[in-house]
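# Inside the fold
Residue-level listing of the chains:
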Amino acid sequence: MRALLTMTAVDLRRRLRDKSVLIFSLAVPLALMTVLNLLLGGVSEGDLEPVDLAVSSDADDQLAGVVVDALASTGIVDVTVTDSDDPHADVGAGSADLGMVVPSGFTAALTSGEPAPVQFVMGDGAGLSGQVLVTVAQGVVEQLRGASVAAVAAGAAGLEPDRASQLAQQVLDAQAQVQLTQGEASSEQLSTGGMLIAGQAGLFLMFTVGFGVLGLIAEREEGTLVRLRSMPVRSSTIVAAKALTAFVLGVVATGVLLTVGSVLFDVDFGAVPAVAVLVVAAVLAATSLTFVVVRLARTAEQANVVQSIIALVLGMSGGAFFPITATGLVGTIVDLNPIAAFTRGLGITSGGGGLDAIGLPVAIMLGFAAVCLLLSRLIPNRGVAA
Amino acid sequence: MGQDGTSTDVVQVQDVTRSFGDLQAVAGVSLRIAPGETYGLLGPNGAGKTTTISMIAGLLEPDSGTVQLCGEPMGPRHTKIRSRLGLVPQDLALYPDLKGRENLNYFGALQNLRGKELRARVDEVLEVVGLADRAKDPVKEYSGGMKRRLNIAAGLLHRPALLILDEPTVGVDPQSRNAILESVEALSGEGMAVLYTTHYMEEAERLCDRIGIIDSGRVQAEGTRDELIHLVGELDQVRMDGTGDLTAATDALQQVPGVQRVDPVGGGLVCAVADAPVHLAAIVTAASAHLELSDVEITRPDLEQVFLHLTGKELRD
Ligand SMILES: Nc1ncnc2c1ncn2[C@@H]1O[C@H](COP(=O)(O)OP(=O)(O)OP(=O)(O)O)[C@@H](O)[C@H]1O
Ligand SMILES: [Mg+2]
């Protein structure tokens with residue numbers, strides 16, 4: 001126990017002294033939050049200019065309809081959709097602020113994994129609203145593509161494109177219902193700003209915990225692991241100290257980000273005990289992921305790359321850069337994403353939900369942690385983790 | 001002494017082996033070290049020194065064989081007994097961002113030293129390795145030799161029964177090297193058992209009470225320096241330079257007891273003799289009768305030659 005605390009204390013002191021934690025876990029996410037919040041979070045419905053959207057698409061293309069529906073119902077931009085044969089011309093003539101060209105065969109392309117680039121034409125009047133819509137549209141297209149790919153991989157290959165798009169629409173509808181139910185439970189979802197703060201805190205949490213367990217690899221490269229292992233200290237204690245370091249850094253950084261974010265951007269995350277439980281569960285999930293990474297990576301460099309990729313994937317789909325309304329199969333995957341669970345949990349607490357209302361997101365995060373720890377046991381050791 | 005395997009031996013290694021894949025790095029090594037004894041493992045790169053040490057230090061599980069430290073089994077799962085061990089790894093094992101003293105405080109704390117005792121021990125080992133005046137500087141500002149010295153200090157803090165030094169002088173300037181050798185000498189004088197690996201034969205000769213010559217994962221021969229040299233029957237060489245009647249001098253020298261052979265070299269003669277210092281006076285007297293001597297020099301056979309004899313290889317390439 002004493003050895004555990006001694007090692008953790010020195011680790012923490014070294015991390016604070018080299019300032020990398022301060023930069024990567026606090027300064028960078030705060031700066032990003034500020035920028036994104038300026039772009040998205042500071043505005044609420046009504047602040048953003050309404051947009052006239054001219055859309056050209058095959059009339060019977062169902063997934064094109066899904067994208068258009070998504071844009072029309074963002075909740076933050078008031079969109080008037082008109083069908084158009086030539087959005088370029090409409091935008092050029094000033095009769096539309098934003099043009100969107102959905103290529104013909106869009107649904108077929110998406111469901112077979114072919115590229116299907118959606119083009120946008122920004123008019124002078126599109127402004128910030130236009131940016132937001134383009135971002136959302138791209139997000140939706142990516143989700144649809146991901147869902148199709150996942151569906152194909154899951155054995156749904158051979159479906160008629162028609163049937164596939166019907167399925168997609170059904171999943172979308174079902175998703176909408178799930179969200180409604182959740183909205184009822186929490187009575188209110190996170191504002192865009194709150195979502196960004198939570199998503200960014202979650203994303204950078206993935207980086208922050210890397211300063212813990214991945215430090216084992218650095219210790220091996222520095223040669224100090226050999227000395228530690230020659231001392232009257234158990235190998236498991238050495239690993240546990242790294243995990244504890246990650247945990248402390250993660251809790252502190254996330255706590256600071258949520259606190260500073262909520263003050264700067266005027267977001268209320270709700271009751272402190274429930275938020276604290278969410279933070280602890282998220283940090284446990286993130287820390288346990290590093291146990292998997294440390295088994296996979298041979299060098300500190302590899303570990304950082306792997307950790308960054310995982311952080312970005314989980315962070316993006318968890319809503320770190322823009323609010324994603326998860327749909328279809330991707331939605332199911334996103335549901336198991338600890339960062340998404342974290343932001344969803346914060347949505348519940350900010351809507352007034354207490355400890356009893358956050359069972360599901362907490363269970364998802366702890367389940368994620370358990371799976372990671374199990375995986376890290378199963379993956380053969382590459383020599384670092386003692 | 002260690003060879004009899006008495007229970008006072010600090011470390012007893014019994015026929016350990018270890019392979020990495022197809023490569024047998026250690027093919028059966030046994031050794032014992034008594035308190036106060038310095039044992040040298042002398043061998044070239046890749047001989048298996050570090051692998052042997054890793055098994056003795058409990059970092060690596062032997063494929064077969066046993067290691068005992070202070071009468072107790074030693075291995076990766078035996079944690080407590082490691083407090084009797086001080087390891088100075090071949091590669092530096094220090095935190096460059098921490099100060100010299102902070103490094104020692106940390107390692108000392110992990111060896112269960114606290115408070116006053118910890119402070120006193122840190123001061124003491126800093127003194128031993130001559131770094132007391134640099135303790136406040138971050139290790140990254142140290143010279144290579146200073147880092148090596150601090151690396152050693154960290155292994156000494158808890159007064160281990162066995163100190164293992166794995167090539168502690170590699171890449172070190174002569175001044176630091178001398179400081180390191182002196183501190184090792186002082187430590188064994190205090191009763192610490194020392195296991196010292198090196199591929200510098202002069203270090204093994206200077207420091208070690210007994211030496212094991214290791215190559216290809218096996219101890220090829222073991223004993224005191226003199227035992228090792230007698231083992232291969234090498235003779236001392238007395239070289240005399242001078243002018244005069246070399247033939248008459250050769251005949252006279254061949255009558256001197258102990259002299260086995262006399263050969264001409266350059267401007268003088270070389271006698272091969274069993275124990276040169278004992279016979280030196282007689283040799284010089286015999287030679288002086290026929291030669292005007294300008295220089296006399298004794299070369300004793302060294303471990304380099306022993307190694308060559310045992311393995312057919314040079315110790316250093
Ligand atoms: N972890 C490892 N994996 C694979 N091979 C290894 C490993 N450690 C050592 N070896 C091999 O075992 C042999 C003995 O290596 P070892 O490090 O014990 O030699 P050494 O005598 O310490 O050499 P040096 O003087 O260069 O330090 C070498 O051939 C080395 O390549
Ligand atoms: Mg070595």
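Note that this is a predicted model, so its numbers are computed, not measured. (Residues numbered from 1 in each chain as written. Chains lettered and ligands numbered in written order. Predicted model: local features only at pLDDT ≥ 70, side-chain atom pairs only at ≥ 80, totals over all residues. Heavy atoms only, no water.)

This brings us to the packing of helix α1 (residues 2-17) of chain A against helix α2 (residues 100-110) of chain B. At a minimum axis separation of 9 Å, α1 of chain A and α2 of chain B run at an interaxial angle of 160°. The angle between the axes of α1 of chain A and α2 of chain B places the two elements in the roughly antiparallel class. Where α1 of chain A crosses over α2 of chain B, the handedness of that crossing is left-handed. In this structure, α1 of chain A contributes A3, T6, M7, V10, R13 and R17 of chain A to the contact, and α2 of chain B contributes E102, Y106, A109 and L110 of chain B. Along the lines of polarity and charge, the residues of the contact of α1 of chain A with α2 of chain B split into 6 nonpolar, 1 polar and 3 charged. (Axes fitted to C-alpha atoms, helices over the stretch in contact; angles between N-to-C directions. Helix = DSSP H or I, 4+ residues; strand = E, 2+ residues; numbered from the N terminus. Parallel < 35°, antiparallel > 145°, perpendicular 65-115°, else oblique. Left-handed = near helix turned anticlockwise from the far one by under 90°. Contact = heavy atoms within 4.5 Å. Nonpolar A, V, L, I, M, F, W, Y, C, P; charged D, E, K, R; others polar.)

As a further point, take helix α8 (residues 246-254) of chain B. Among the residues of α8 of chain B, those classed as buried are A248, A249, T250 and L253 of chain B. With a side-chain oxygen lying 3.2 Å from the backbone nitrogen of T247 of chain B, the N-terminal cap of α8 of chain B falls on D245 of chain B. (Buried < 20%, exposed > 50% of the residue type's maximum accessible area, 1.4 Å probe, protein only. Polar contact = N/O pair within 3.5 Å; in protein donor to acceptor, adjacent residues only side chain to side chain.)

Time to look at the interface of chain B and chain A. Taken together, the 26 residues of chain B in the interface contact 21 residues of chain A. For the pair chain B and chain A, the summed buried surface comes to about 2300 Å²; carbon and sulfur atoms form 58% of the total. Applying the counting criterion to the chain B and chain A interface returns 3 salt bridges. With a shortest N-O distance of 2.9 Å, D97 of chain B and R14 of chain A are connected by a salt bridge. Remark: the boundary between chain B and chain A carries 10 residue pairs in polar contact (both at pLDDT 80 or more). Of all elements in the fold, only β6 (85-88), α2 and α4 (144-156) of chain B reach the threshold of two or more residues within the side of chain B that touches chain A. Here the element with the most residues in the side of chain B that touches chain A is α2 of chain B; it accounts for 5 residues. (Buried area = accessible area lost by both parts, 1.4 Å probe. Salt bridge = Lys/Arg side-chain N within 4 Å of Asp/Glu carboxyl O.)

Attention now goes to the sheet that holds strand β11 (residues 236-244) of chain B. All names here are of chain B. Reading across from one edge, β12-β13-β11-β14 is the order of the 4 strands in this open sheet, with antiparallel pairing throughout. Looking at the sheet topology across the chains shown, the edges are occupied by β12 (259-265) and β14 (291-299). When the angles between neighbouring strand axes are averaged without regard to direction, this sheet yields 20°. Bridge count for β11 against strand β13 (residues 268-273) is 6 bridges, and the pairing is antiparallel. Each bridged residue has a counterpart across the sheet, and for R239 the counterpart in β13 is V270. Contacts from α8 reach β11, β12, β13 and β14, with the element oriented near 10° to β13. Strands in contact with helix α9 (residues 276-288) are β11, β12, β13 and β14; relative to β14, the strand with the most contacts, it is inclined by about 165°. (Pairing = 2+ DSSP bridges.)

Attention now moves to a nonpolar patch on the surface. Residue and element names in this part refer to chain A. A contiguous nonpolar patch, built from L16, L22, I23 and F24 and spanning about 370 Å² of accessible area, is present on the exposed surface. Top contributing element to the nonpolar patch by residue count: helix α2 (residues 20-41), with 3 residues. Among the structural elements, L16 can be located in helix α1. Owing to a relative accessible area of 47%, L16 belongs among the partly exposed residues under this scheme. (Patch = residues over 30% accessible without salt bridge, like charges linked within 9 Å, V, L, I, M, F, W, Y side chains within 5 Å. Areas by Shrake-Rupley, 256 points an atom, 1.4 Å probe, with all protein chains shown as cover.)

What follows deals with the sheet that holds strand β9 (residues 210-215) of chain B. Residues and elements named next belong to chain B. Taken in spatial order, the 6 strands make up an open sheet running β6-β7-β8-β3-β9-β10, and their pairing is mixed. The open sheet is flanked by β6 and β10 (218-223), the only strands paired with a single partner. Taken over all neighbouring pairs, the strand axes of this sheet differ in orientation by 15° on average, direction set aside. Where strand β3 (residues 38-42) meets strand β8 (residues 193-198), 5 bridges bridge the pair, whose relative direction is parallel. The partner of T38 across the bridge, within β8, is V194. Packed onto the sheet, helix α5 (residues 174-189) meets β3, β7 (162-166) and β8 and runs at close to 150° relative to β8. Seen against the sheet, helix α10 (residues 303-311) touches β3, β9 and β10 and runs at an angle of roughly 40° to β9.

On to the domain arrangement of chain B. Domain boundaries assigned for chain B yield domain 1 (11-230) and domain 2 (235-300). Computed from C-alpha atoms alone, the centre-to-centre distance between domain 1 of chain B and domain 2 of chain B is 43 Å. (Domains from an automatic or database assignment.)

Let us look at the environment of Y39 of chain B. Residues and elements named next belong to chain B. Mapping Y39 onto the fold places it in strand β3. Each C-alpha atom, one on Y39 and one on E61, is 22 Å from the other, the two residues being 22 residues apart in sequence. When sequence neighbours within four positions are dropped, the list of residues in contact with Y39 reads L31, R32, I33, V194, L195, Y196, C208, R210, I211, G212 and E222. A distance of 2.5 Å separates the side chain of Y39 from the side chain of E222, its partner in a polar contact.

This paragraph deals with the site of ligand 1. All names here are of chain B. Taken together, the neighbourhood of ligand 1 is formed by 13 residues, with G46, K49, T50, T51 and E167 sitting nearest. N45 places a side-chain nitrogen or oxygen 2.9 Å from an oxygen atom of ligand 1. Between ligand 1 and the protein, one listed contact pairs an oxygen atom with a side-chain N or O atom of T51 at 2.6 Å. Calculation on ligand 1 without its partners gives an accessible area of 640 Å², and the protein chains cover 61% of this total. Counting only elements with at least two residues in the shell around ligand 1, the list comes to β2 (23-33) and α1 (49-56). Looking at the shell around ligand 1 element by element, the count peaks at 3 residues for α1. (Near = heavy atom within 4 Å.)

A few words on the coordination of the magnesium ion (ligand 2). All names here are of chain B. Ligation of the magnesium ion (ligand 2) by protein atoms is provided by T50 (OG1) and Q90 (OE1), these donors lying 1.8 to 2.1 Å from the ion. Of the two residues, T50 sits in helix α1 while Q90 sits in the loop between β6 and α2, which places them 40 residues apart along the sequence. Its relative accessible area of 27% is what places Q90 among the partly exposed residues. (Donors = N, O, S within 2.8 Å, 3.2 Å for Na, K, Ca; no water.)

Our next topic: helix α9 (residues 215-222) of chain A. Buried within α9 of chain A we find G215, L216, I217 and E219 of chain A. Taken from the residues just after α9 of chain A, G223 of chain A is the one with a positive phi, measuring 90°.

Residues and elements named next belong to chain B. Within the structure shown, the criterion is met by 3 aromatic pairs over all chains. A ring pair is formed by Y95 and F107, whose centres lie 5.9 Å apart and whose planes are at 20°; its orientation type is stacked. Here Y95, found in the loop between β6 and α2, pairs with F107, found in helix α2; they are 12 residues apart in sequence, far enough to count as distant. Overall, Y95 belongs to the buried group, its relative accessible area being 0%. Between Y106 and F107, the ring centres sit 5.6 Å apart and the planes meet at 40°, which makes this aromatic pair tilted. (Phe/Tyr/Trp six-rings, centres within 6.5 Å; stacked < 30°, edge-to-face > 60°.)

Take empty space enclosed by the protein next. Taken as a whole, this structure holds 2 cavities of 30 Å³ or more when the rule is applied. By volume, the largest cavity amounts to about 40 Å³. In terms of lining residues, the largest cavity is bounded by G202, L205, M206, A282, A285, A286, P338, I339 and F342 of chain A. Of all the secondary structure elements, the ones that give two or more residues to the lining of the largest cavity are α8 (192-208), α12 (272-296) and α15 (338-350) of chain A. Among the residues making up the lining of the largest cavity, the classes are represented as 8 nonpolar, 1 polar and no charged. For the lining of the second largest cavity, the element with the most residues is β6 of chain B, which contributes 3 residues. Across the lining of the second largest cavity, the residue classes break down as 4 nonpolar, 5 polar and 1 charged. (1 Å grid on protein atoms, 1.4 Å probe; cavity = no way out; pocket = protein on both sides within 12 Å on 5 of 7 lines; lining within 4 Å. Points joined across faces, edges and corners; volume = space filled by probe spheres on them.)

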